[in-house]
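As a plain string of letters, each chain reads:
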Amino acid sequence: MEKFVINIGRQLGSGGKKIAERLAQELGINCYDKRLLDLAAQESGFAKELFEHNDENKGLLDNLMHMRFLFGTTSGESFCSNVLSEESLFQFQSEAIRKCAEKESCIFVGRCADYILRDYPHCINIFIAADESERIEHVSQRKGISLEEAEKLLKKAENTRRNYYNYYTGKTWGASESYDLCINISKLGFEASFKLILDFVKGYLVRIGNK
């Protein structure tokens with residue numbers, strides 16, 4: 001059976017992570033979201049906290065003062081600047097993604113996996129969106145905050161995520177030409193959207209000979 005990878009990009013509050021987890025369960029494969037940070041830490045031998053602070057966040061090392069708790073002295077700042085640059089952390093995470101893809105069929109959520117695995121033979125790249133009002137409501141409920149606070153959080157987080165993706169890939173986050181399937185789940189609802197995505201994936205697996 002051919003190994004395959006599903007890469008899922010998603011707008012905050014769109015339900016993309018839930019869809020990824022449901023797909024993984026349905027297909028009997030692993031889903032890697034924040035678990036990638038553990039793998040990247042193992043790959044590099046560095047503290048997981050480094051990857052947590054840099055996770056989909058271009059701009060971490062603009063301010064190194066908060067890193068001192070990991071290194072204790074200002075000499076740690078030089079170490080961070082020269083060895084653990086954002087690009088270095090991205091490379092460690094990229095290597096962890098590649099190793100997972102070589103080992104098993106799996107799903108990656110975000111982390112520029114579609115770009116990192118651009119030369120991988122069997123990839124499906126999916127982008128999941130939803131209407132802004134619906135996403136704001138989801139964030140508000142999940143975080144237990146007001147709609148106004150949720151809107152500010154959503155816009156800030158999405159701007160950070162967009163900058164991270166665009167910086168490392170040279171592509172445009174959410175642009176249709178970067179993906180095989182783009183879907184606004186507000187149009188069909190979660191369940192119908194999930195079924196559509198699952199049917200799309202299954203159709204591709206049949207095409208490459210995976211029943």
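Just checking my understanding: could you explain the overall build of the protein for this structure?
Within the protein, the secondary structure is distributed over eleven helices and five strands. Counting over 211 residues, the protein shows a buried share of 47%.

What's the story with helix α11 (residues 190–207) in this structure? I'm lost.
One full turn of an α-helix is made of 3.6 residues, so residues set three or four places apart face in the same direction. Here α11 contains 18 residues, and its C-alpha end-to-end distance of 26 Å stays within 8% of the 26 Å for a straight helix at 1.5 Å per residue. Those residues of α11 not exposed but buried are Ser193, Phe194, Ile197, Leu198, Val201 and Leu205. The buried residues of α11 occupy one face: seen down the axis, they fall within an arc of 135 degrees. Relative to its buried face, α11 has exposed residues pointing more than 90 degrees away, namely Lys195 and Arg207. Here the buried face of α11 lies against β1 (5–10), α1 (16–27), β4 (123–129), β5 (181–184) and α10 (185–188). Count one or two residues on from α11 and you reach glycine 209, which has phi positive near 95 degrees.

What is the right way to look at the pattern of salt bridges in this model?
Should the charged atoms of two oppositely charged side chains come close, the side chains can pair. All chains considered together, the criterion is met by nine salt bridges. A salt bridge links aspartate 33 to lysine 17, with the shortest nitrogen-to-oxygen separation between them at 3.5 Å. Highlighted residues: aspartate 33 in the loop between β2 (30–32) and α2 (35–44) and lysine 17 in helix α1, separated in sequence by 16 residues. Residue classification places aspartate 33 among the buried positions, given a relative accessible area of 11%. Given the relative accessible area of 41%, lysine 17 is considered partly exposed. For lysine 195, the salt bridge goes to aspartate 199, with nearest N and O atoms at 2.9 Å. Residue lysine 195 and its partner aspartate 199 are located together in helix α11, separated by four residues, close to a single helical turn. One salt-bridge network, in which partners are shared between bridges, spans Lys17, Asp33 and Arg111.

Is there a simple way to explain the confidence of the model for the protein in this structure?
In low-pLDDT regions, the fine details of the predicted coordinates are not to be read closely. The share of residues in the protein with pLDDT of 70 or more is 75%, and the mean pLDDT across the chain is 82. Confidence drops under pLDDT 50 across residues 59–83; counting only partners more than four residues distant or on other chains, this segment forms 33 contacts.

Hey, could you run me through the sheet that holds strand β3 (residues 106–109) in this one?
Two strands in a sheet stick together by hydrogen bonds in their backbones, pointing the same way (parallel) or opposite ways (antiparallel). The strand order across the open sheet formed by five strands is β2-β3-β1-β4-β5, and the pairing between neighbours is parallel. Across the chains shown, the open sheet's two edge strands, defined by having one partner strand only, are β2 and β5. Adjacent strand axes in the sheet meet at a mean angle of 20 degrees when their direction is disregarded. Pairing of β2 with β3 involves three bridges; the strand directions are parallel. Each residue of the ladder has a partner; that of cysteine 31, found in β3, is isoleucine 107. Strands β1, β4 and β5 of the sheet are contacted by α11, whose axis makes an angle of about 170 degrees with β4.

Here is what the cut-offs are and how they apply
- Residues numbered from 1 in each chain as written.
- Predicted model: local features only at pLDDT ≥ 70, side-chain atom pairs only at ≥ 80, totals over all residues.
- Heavy atoms only, no water.
- Helix = DSSP H or I, 4+ residues; strand = E, 2+ residues; numbered from the N terminus.
- Buried < 20%, exposed > 50% of the residue type's maximum accessible area, 1.4 Å probe, protein only.
- Expected span 1.5 Å × (residues − 1).
- Arc of directions from axis to C-beta.
- Contact = heavy atoms within 4.5 Å.
- Salt bridge = Lys/Arg side-chain N within 4 Å of Asp/Glu carboxyl O.
- pLDDT = per-residue confidence, 0-100.
- Pairing = 2+ DSSP bridges.
- Axes fitted to C-alpha atoms, helices over the stretch in contact; angles between N-to-C directions.

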